[in-house]
Amino acid sequence: MNLLNKIGLNNLKQTFQLLLPYLLKHRAAYAGLLFTMTARILLTIAFASFYGRMTDTATHGNLNGLTQLTVMGVGLLLVMITINYLDTFFECAAIYGVKRDLKVALFRQTLLLRADTMAAIRSGDLISRFDNDMNQIEQMLGSRLVDLIRLPLVYLCVFTFLFHINPVLSLISWAIAPAAIGGSALFGFLMRRNSRQINDLAGENTQIVSETLQGFSVVRSFVLERSFFRSYSKQNRRLYRLEMKNANLRGLYNSAGQVAVSATFLASLCLGAYFVSNNQMSVGALVTFITLVNQLVFPLMNAAGNWAAFQKASGSIERIQYVLNLPIESGDLPDPVIPVVKQQFVPLSVEFDAVSFYYKPGKPVLSHFTLSVPAGKKTAIVGFSGAGKTTLFSLLMNFYHPQSGFIRINGRPLNDIPLAELRGRIAHVPQDPTLFNGTIRENLLLGRERDGHEIEYATRSAMIHDFICSLPDGYDTPIGERGIILSGGQKQRLAIARAMLKDAPILLLDEATSALDGETEHKVKSTIDRLMVGRTTLVIAHRLSTIRNADKIVVMENGKIVQEGTHSTLMAEPGLYRRLYQSDFVREKKSQALI
Ligand SMILES: Nc1ncnc2c1ncn2[C@@H]1O[C@H](COP(=O)(O)OP(=O)(O)OP(=O)(O)O)[C@@H](O)[C@H]1O
């Protein structure tokens, strides 16, 4: 077992287990490669035999024979051109077909990953699996894979053919075999050790670049350029050292291979010349022999090169398999469009029943949290930062599962509701809305169909229509990666318009207007108030003046409800709400005075 691990045979098994379904799917391309492989072996022997016959015919002065052989040579060349073309074609079809399917499977898995798993993975490392690891795997998908069969077959065919010409000479290759095989195994083992470290480092490398790009303004404002540069350079120096170790190994191995090839060639030539001078062999037979003798050494040497590529790829396969084995939230991609008939939805109630939840054991976020949100009513949640307010939304959208207790929608436990149906019935405006690299229209609709009037109604209500019209291409203006051309407030207004267009019966607003100035917030708030009519709404707000008219206000502290009531009842009693409201009021007054 240990030995199998050391020489990497276990990796090979694992590699094939993952790749087999993909290889089978592209079996036509691999069958084509097997065909061209066989044809190329036969062509190699045919060419060597052709050179020998040409030499013997020439030494016998047989002009007729030479003409026939020339025609045969041209024929062989034409066949070779065709086979080479087919070989390249089948190889590309096999490599790119399998690589495409593997990438798509990895992306699908990424889309299905559970929220807790996703939070634990570093995005750069995940991206490098799509990039660096896929490239490593690509190295072994085409002819290298077919070489697993081709190299032993070449050896066997050429050996049989040469044995037929001269048994003693052909046995020369046996002298080299143990050294070639032993050296190859050692080479593969050393390469594997390095390659795994290289792949991990490449992942960390992508992580630094991706973090730099994502947090570019923080890097600038905290003057972190030098420190990011230092860690990136340090990693690259380590990567370089490992790559050079690999290069050293490859260099040593190639030189040893050259020595083996040349030694075999020289030994065959000298011994063959001796046989020719003793009339035990014709000159043509010697030419055929020395043309082919390399084919006895190169399969042994190439096997090692392939072994190294397999070892490198198996490290990458391991990294991809790791992601493919991570827990997912559902077996299939959910259907994007839920057939909710517009404006005809029934308001839905939401209930948290003794819900306890933690992200990490020992650090409870919610403890026996019980809250009933009546259908079509507005409930506001307030509390200190970190009290667990956003977590309630994550649980309601079933991103995470509570460790105990139940969440129900209209009396139906959340786990009984298909994910697509559940999320189709919720419109969520998060604290920091995500926008995609596309046009404003694409970001508003996100795959839904809405006519121009509906879009305009939503954007006018969210006070963003005039701004959109002022852009050069209006609704078709590209907003750049993560909406880079928009201000925080504009992003929030787009997100509110997007939620309006989703037209779902449950509305979750997580500080949806925090980035707006007082005046715009006031105007957008009246829109949100209209949007909330008939919908069950949960609002998280830090500015308490915005939730005064809520049907119910829930005050949270350390994952528990400490107060519950309307604004006036809560203001009438001493407690956290009144303290929060008063300090909020003072803060707002101060900021108004400053303006
Ligand atoms: N993905 C996560 N993994 C681990 N801990 C988390 C995760 N998300 C949140 N937490 C922790 O859970 C607690 C509650 O976080 P939550 O975001 O629900 O608070 P909040 O009341 O919404 O805060 P804020 O008002 O600042 O947004 C915090 O202590 C936070 O550190």
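Per an unreviewed UniProt entry, the protein chain goes by the name ABC transporter ATP-binding protein and belongs to Sporolactobacillus shoreae. You can read under Subcellular location (unreviewed entry) in the UniProt record for the protein chain the words "Cell membrane".

Here we take up the overall build of the protein chain. When helices and strands are counted, the protein chain shows 22 helices and 10 strands. Relative to a compact globule of 595 residues, whose C-alpha radius of gyration would be 25 Å, the protein chain shows 35 Å and is clearly more extended. Summarising its shape, the C-alpha atoms of the protein chain cover approximately 120 × 50 × 50 Å along the three principal directions. Partitioning the intrachain contacts of the protein chain with sequence separation of at least 6 by distance along the chain shows that 81% fall at a separation of at least 24.

Let's shift gears to unusual backbone geometry. The phi angle at N279 is positive, at roughly 60°, despite the residue not being glycine. In this fold, N279 is placed in the loop between α11 (225-277) and α12 (283-292). Even without being glycine, N410 reaches a positive phi, approximately 50°. A count of 15 C-beta atoms within 10 Å places N410 in the partly exposed class.

The next thing to look at is the domain arrangement of the protein chain. Split by domain assignment, the protein chain resolves into domain 1 (14-166), domain 2 (167-280) and domain 3 (350-438 + 487-593). Placing the centre of domain 1 and that of domain 3 at their C-alpha centroids yields a distance of 59 Å.

Because each turn of an α-helix spans 3.6 residues, side chains separated by three or four positions in sequence point in the same direction. Taking 1.5 Å per residue, 15 residues should reach 21 Å; helix α19 (residues 488-502) reaches 21 Å between its end C-alpha atoms and fits that length. For α19, the tally of buried residues reaches 13 of 15 residues, placing the bulk of the element in the interior. Taken from the residues just after α19, D503 is the one with a positive phi, measuring 55°.

Counting 61 residues, the largest nonpolar core has A380, I496, A497 and I553 as its most contacted members. It is α19 that contributes the most residues to this core, seven residues altogether. Residues Y30, L33, A48 and V297 belong to the second largest nonpolar core, which totals 44 residues.

Strand order across the open sheet formed by four strands is β2-β1-β4-β5, with antiparallel pairing between neighbours. Of all strands in the sheet, those bounded by a partner on one side alone are β2 (363-373) and β5 (412-413). In the packing of helix α14 (residues 389-396) onto the sheet, contacts are made with β1 (350-360), β2 and β4 (404-409), and the angle to β1 comes to roughly 110°.

The next thing to look at is the site of the ligand. Taken together, A119, Y359, K360, V365, G383, S385, G386, A387, G388, K389, T390 and T391 are the residues near the ligand. Listed by contribution, the elements that provide at least two residues to the shell around the ligand are β1 and α14. Top element by residues in the shell around the ligand is α14. It accounts for three residues. Its residues placed into classes, the shell around the ligand shows four nonpolar, six polar and two charged.

Right, let's talk about the sheet that holds strand β7 (residues 506-510) for a bit. Within the open sheet, the six strands sit side by side as β6-β7-β8-β3-β9-β10. Their pairing is mixed. Across the chains shown, the open sheet's two edge strands, defined by having one partner strand only, are β6 (426-429) and β10 (560-565). Each neighbouring strand pair of the sheet contributes to a mean axis angle of 15°, computed without reference to strand direction. In terms of strand pairing, β7 meets strand β8 (residues 536-540) through five bridges, oriented parallel. If you follow L508 over to β8, its bridge partner there is L538. Relative to the sheet, α14 contacts β3 (378-383), β6, β7, β8 and β9 (552-557), its axis offset from that of β7 by approximately 150°.

Moving on, we get to the packing of helix α17 (residues 452-461) against α19. Look at α17 against α19: their axes get within 8 Å of each other, and the N-to-C directions meet at 140°. As the angle between them shows, α17 and α19 are arranged oblique. For α17 against α19, the interelement crossing comes out right-handed. Note on element contacts: α19 touches α17 through A497, M500 and L501, opposite E454, I455, A458, T459 and S461. In terms of residue class, the contact of α17 with α19 is made up of five nonpolar, two polar and one charged.

When the UniProt feature table is mapped onto this chain numbering, "transmembrane region" (unreviewed entry) sits at residues 28-51, 71-98, 148-165, 171-191 and 251-275. Its end C-alpha atoms 27 Å apart, residues 148-165 is made of 100% helix and 0% strand. Secondary structure content for residues 251-275 is 100% helix and 0% strand, and the end C-alpha separation is 36 Å.

What follows covers the pairing of β8. The element β8 is largely enclosed, with a buried count of five among its five residues. The alternating pattern of β8 places T536, L538 and I540 and T537 and V539 on opposite faces, both of which are buried. In terms of strand pairing, β3 meets β8 through four bridges, oriented parallel. Pairing of I381 across the sheet is with I540, part of β8.

Moving on: the confidence of the model for the protein chain. With 92% of its residues at a pLDDT of 70 or more, the protein chain shows a mean pLDDT of 83. β4 holds the highest mean pLDDT among the elements of the protein chain, 94, whereas helix α1 (residues 2-7) holds the lowest, 53. At the level of chain-chain contacts, confidence expressed as ipTM amounts to 0.96, with global pTM at 0.77.

Let's shift gears to the environment of L24. Mapping L24 onto the fold places it in helix α2 (residues 9-25). Remark: the alpha-carbon pair of L24 and T44, spanning 20 residues in sequence, is separated by 29 Å.

Below, the discussion takes up the environment of V539. Here V539 is to be found in strand β8. On the basis of neighbour count, V539 is assigned to the buried category, with 24 C-beta atoms found within 10 Å. Sequence-wise, V539 and V209 are 330 residues apart; in three dimensions their C-alpha atoms are separated by 36 Å. Non-local contacts of V539, meaning those with residues more than four positions away in its chain, are made with K378, A380, L509, I547 and A550.

This brings us to the pairing of β4. Pairing analysis gives five bridges linking β1 to β4, with the strands arranged antiparallel. Within β4, the position partnered with S356 by the bridge is S404. In this sheet, β5 lies alongside β4 in antiparallel orientation, the contact comprising two bridges. Paired with I409 across the strands is R412, a residue of β5.

Basis of the calculations
- Residues numbered from 1 in each chain as written.
- Predicted model: local features only at pLDDT ≥ 70, side-chain atom pairs only at ≥ 80, totals over all residues.
- UniProt positions renumbered as here; feature names shortened; annotations may be inferred.
- Helix = DSSP H or I, 4+ residues; strand = E, 2+ residues; numbered from the N terminus.
- Rg over C-alpha atoms; globule rule 2.2 N^0.38 Å.
- Contact = placed C-beta atoms within 7 Å.
- Buried ≥ 20, exposed ≤ 12 C-beta atoms within 10 Å, placed from the backbone.
- Domains from an automatic or database assignment.
- Expected span 1.5 Å × (residues − 1).
- Core = buried A, V, L, I, M, F, W, Y, C linked by C-beta atoms within 7 Å.
- Pairing = 2+ DSSP bridges.
- Axes fitted to C-alpha atoms, helices over the stretch in contact; angles between N-to-C directions.
- Near = placed C-beta within 6 Å.
- Nonpolar A, V, L, I, M, F, W, Y, C, P; charged D, E, K, R; others polar.
- Parallel < 35°, antiparallel > 145°, perpendicular 65-115°, else oblique.
- Left-handed = near helix turned anticlockwise from the far one by under 90°.
- pLDDT = per-residue confidence, 0-100.

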